[in-house]
Every structure is written in structure tokens, then in C-alpha cells.
Amino acid sequence: MKQIFFALLLLLISVAQLTAQDNTFSTYYNQRLTLFEKLPDTPNEIIMLGNSITDGCEWSELFQNPNIKNRGISGDITEGVLYRLDEVTRSKPAKVFLLIGINDLARNIPADTVFQNICKIASSIRESSPSTLVYVQSILPVNPSFRKFSNHVSKTNEVMDINEKLNRWCNNNNVEFVDLFSSFTEDNTNYLNPNFTNDGLHLTAKGYLKWAEIISSDLEK
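As recorded in an unreviewed UniProt entry, the chain goes by Sialate O-acetylesterase and comes from Draconibacterium sediminis.

Engineer: Please set out the pattern of salt bridges residue by residue, giving values where relevant.
Structural biologist: Should their charged atoms come close, side chains of opposite charge can pair. On inspection of all chains with the given rule, the structure shows eleven salt bridges. One salt bridge connects lysine 165 with aspartate 112, and the closest N-O pair in it is separated by 3.5 Å. Taken as a pair, lysine 165 in helix H10 (residues 156-172) and aspartate 112 in helix H8 (residues 111-128) lie far apart in primary sequence, 53 residues in all. Residue lysine 165 is classed as partly exposed on the basis of its relative accessible area of 23%. You can call aspartate 112 partly exposed: its relative accessible area is 35%. Three or more residues joined by partner-sharing salt bridges are found here, namely Asp41, Arg71, Glu87 and Arg90.

Engineer: Which residues make up the packing of aromatic side chains, and what are the values?
Structural biologist: Between two aromatic rings, the relevant description is the distance of the centres plus the angle of the planes. Under the definition given, this model contains eight aromatic pairs. Residues phenylalanine 25 and tyrosine 29 carry aromatic rings whose centres are separated by 4.5 Å and whose planes lie at 35 degrees to one another, so their mutual orientation is tilted. Using a relative accessible area of 2% as the deciding quantity, one classes tyrosine 29 as buried. In this structure an aromatic cluster arises from ring pairing among Trp59, Phe63, Tyr208 and Trp211.

Engineer: Explain the side chain of asparagine 163 to me, using residue names and the numbers behind them.
Structural biologist: Positionally, asparagine 163 belongs in helix H10. When its relative accessible area of 7% is taken as the criterion, asparagine 163 is described as buried. Those residues in contact with asparagine 163, other than ones at most four positions away along the chain, are Ser138, Ile139, Phe177 and Phe181.

Engineer: Give a detailed account of the UniProt feature "domain: SGNH hydrolase-type esterase" (unreviewed entry) in the chain, specifying residues and quantitative values.
Structural biologist: Within the UniProt annotation, "domain: SGNH hydrolase-type esterase" (unreviewed entry) is assigned to residues 49-208. Across residues 49-208, helical content stands at 45% and strand content at 12%; the span's end C-alpha atoms are separated by 15 Å.

Engineer: Give a detailed account of the nonpolar core, specifying residues and quantitative values.
Structural biologist: Leu49, Ile162, Leu203 and Trp211 are the most contacted members of the largest nonpolar core, which totals 53 residues. Ranked by residue count, the leading element in this core is H8, at eight residues. Ignoring any residue separated from it by four or fewer positions in sequence, one finds tryptophan 211 in contact with Ile53, Thr54, Trp59, Leu99, Gln137, Leu180, Phe184 and Leu203. If you look at the next biggest cluster of nonpolar residues, it comprises six residues, including Tyr29, Leu33, Phe36 and Ile77.

Engineer: Account for the pairing of strand E1 (residues 46-50), with residues named and values stated.
Structural biologist: In terms of residue burial, E1 counts as a mostly covered element, since five of its five residues are buried. Of the two faces of E1, the one lined by Ile46, Met48 and Gly50 and the one lined by Ile47 and Leu49 are each fully buried. In this structure, E1 lies alongside strand E2 (residues 68-72), joined through five bridges in parallel fashion. Its bridge partner lying in E2, glycine 50 is registered against glycine 72. Bridging between E1 and strand E3 (residues 95-99) involves five bridges; their strand directions are parallel. In the sheet register, isoleucine 46 faces E3, and the bridge partner there is lysine 95.

Reading the values: the criteria
- Residues numbered from 1 in each chain as written.
- Predicted model: local features only at pLDDT ≥ 70, side-chain atom pairs only at ≥ 80, totals over all residues.
- Heavy atoms only, no water.
- Salt bridge = Lys/Arg side-chain N within 4 Å of Asp/Glu carboxyl O.
- Helix = DSSP H or I, 4+ residues; strand = E, 2+ residues; numbered from the N terminus.
- Buried < 20%, exposed > 50% of the residue type's maximum accessible area, 1.4 Å probe, protein only.
- Phe/Tyr/Trp six-rings, centres within 6.5 Å; stacked < 30°, edge-to-face > 60°.
- Contact = heavy atoms within 4.5 Å.
- UniProt positions renumbered as here; feature names shortened; annotations may be inferred.
- Core = buried A, V, L, I, M, F, W, Y, C linked by side-chain atoms within 4.5 Å.
- Pairing = 2+ DSSP bridges.

This is the structure in C-alpha cells:
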């Protein structure tokens, strides 16, 4: 009887664990997701959606706008964003600004798969929340000269290919495309301007101020 009892107890514990975390994403991903799911929904939300590059900014303070919600998760990929879209669209946000894809490329996920997933994210948001304005932001440039994040900063050609396809897709599907890439490159190169980064991938304050300058008019519409 004791053996049966302990077997049932272990089964119940296993089921509880699966219920609490029924995905294969990182510990940090699930920490953030459980928080997002418990935060209150508010009217006219503006969602900043993406990976560590989005996660690293204090958006509501930068724009002095409490409606802006940070839904960035460091390390996230396109599949991770697709998995958590219900939380994003639950509040029927006014706008969603999406930036995702560089971590996929670092994992050697094919560029065409990344492109298709980004399109799927944008389409799913519009399907779940038709009144939401979706802004697909180009993947930012990277810079290999810092000799960090080698799997990320070697993907310039793939980044440019995806951005070109996203621009065309957005134009053909009535989705707003925001070209961040061209404003973040160093003169006469396709690499991230060192003025905006200290590791070749992530942004410093100057980078976030440049980003804010680019999207400010869209935020205020």
C-alpha cells in the first residue's frame, strides 16, 4: 500500500509540475510569463513585444506614458512569442510593437522560418484583436567587432534578408513596417553603430533614445 501511495504522490507532483510549466522555454521566460499573466489589463495598452532588446528598456518611463507595457523576455524566440500571444491580446491593446528574430538566427533556425513566424505573429494578433494596430519592427543590425555573442553577430545577411521580406509582406498585408535597421547602422556599413551598443547586440541609452525617436510619432497617433 505504501508503494502505491508514493507512486500516486509522485504522479500528482509530476502533473502539477507540468501544469505549472507545460513548455520547454527557459526559467526566466516562465518567470516573466507568469508575471505578465497576473498583471492587470488596462485600457488602451501599447505593448512592446520581443526579446532582451525590448526587455532592457523602461518604456513607460522613457515615453512618460503609463499605457506602455513591456512584454520583452530576454532570450525569447519567435516560437516563444507565438506561445504567449494570448496574454498579449487578452487586453485588446491599442498597439503592439514587435521586434523578434535575432535569437532564432543565433540558434541557426532558417531565416525563412523566422520570417514566416513573424508574419504569423502579426496575423494572429490581428485575428485575435482586430482593432489593434500592429507594428512590425525590422530586426536591428549587429556588430561582430565587439567579439561577443558570436552566434548572433554573424547573421547580418540573414537579418537583411528577413527585413526585406518583412517590408514587402507588411506593405501587402496592411501592416505597419518600422525600419529600425537603417537608422542603427554605422556609416557605409550594415553593422550596428558602436554609438548605440557596448556588446554588438544590445542597446545602450543612446540606442533606446534613437529607437524612441523613430517610433514616437506612431506611439502618439
